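# Fold and contact review
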Amino acid sequence: MLYNMFHGKIHRATVTQANLEYMGSITIDEDLLEMAGILPGERVQVVNNNNGERLETYTIAGKRGSGVICLNGAAARRAQVGDTVIIIAYAMMDKAEAESLVPKVVMVDEHNHPVKVRGTELEAEIG
């Protein structure tokens, strides 16, 4: 059996752009992608903390150090600039891989600059 496990996350990023005219996807600062272990083109779930919207799309690497979080195409209708989102990537793995998995959680500041990378989430933790 394979398990679909979360392996990387960018926590509470701020949407910096919404580009309705682009074909689709989410553009993310390449530094953040690498820190979270998320590849360009990888399927991600985007959760909007401001309105509760959830969507799936794929990633595009944005300029390093820019802090860009840009929802493109139809996804641009699901968030406004300034909204806070959580970007989550999942991977299929066998039981041994799932049990030993330490996900990468990238915590960012209000400008989407990384402040901490960690591998745990605690019950009832805020922030």
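Relevant structure appears above.
Residues numbered from 1 in each chain as written. Predicted model: local features only at pLDDT ≥ 70, side-chain atom pairs only at ≥ 80, totals over all residues. Heavy atoms only, no water.

Time to look at the overall build of the chain. On a plain count of helices and strands, the chain comes out with 2 helices and 9 strands. In sequence order, the secondary structure elements of the chain are arranged as β-β-β-α-β-β-β-β-α-β-β. For a compact globule of 127 residues, the expected C-alpha radius of gyration is about 14 Å, and the chain comes in at 14 Å, within 12% of that figure. Overall, the C-alpha framework of the chain stretches about 45 × 30 × 30 Å when taken along its three principal axes. Looking at the 127 residues of the chain, the share that counts as buried comes to 43%. Sequence separation of 24 or more characterises 78% of the internal contacts of the chain that already satisfy a separation of 6 or more. (Helix = DSSP H or I, 4+ residues; strand = E, 2+ residues; numbered from the N terminus. Rg over C-alpha atoms; globule rule 2.2 N^0.38 Å. Buried < 20%, exposed > 50% of the residue type's maximum accessible area, 1.4 Å probe, protein only. Contact = heavy atoms within 4.5 Å.)

Turning our eyes to something else, we now look at the sheet that holds strand β3 (residues 26–29). With mixed pairing, the 9 strands of this open sheet are ordered in space as β2-β6-β3-β5-β4-β7-β1-β8-β9. Unpaired on one side and paired on the other, β2 (17–19) and β9 (114–118) mark the two borders of the sheet. Within this sheet the neighbouring strands show an average axis-to-axis angle of 30°, counted without direction. In this structure, β3 lies alongside strand β6 (residues 69–72), joined through 3 bridges in antiparallel fashion. Across the sheet, Ile26 pairs through a bridge with Leu71, a residue of β6. (Pairing = 2+ DSSP bridges. Axes fitted to C-alpha atoms, helices over the stretch in contact; angles between N-to-C directions.)

Here we come to the nonpolar core. Grouped together as the largest cluster of nonpolar side chains are 21 residues, with contacts concentrated most on Ile10, Ile26, Ile28, Ile69 and Ile87. Those elements that place two or more of their residues in this core are β1 (3–14), β3, α1 (30–36), β4 (43–48), β6, β7 (84–93) and β8 (104–108). Apart from residues lying up to four places away in sequence, Ile69 is in contact with Ala13, Thr14, Val15, Thr16, Gln17, Ile26, Thr27, Ile28, Leu32, Val85, Ile87 and Asn112. (Core = buried A, V, L, I, M, F, W, Y, C linked by side-chain atoms within 4.5 Å.)

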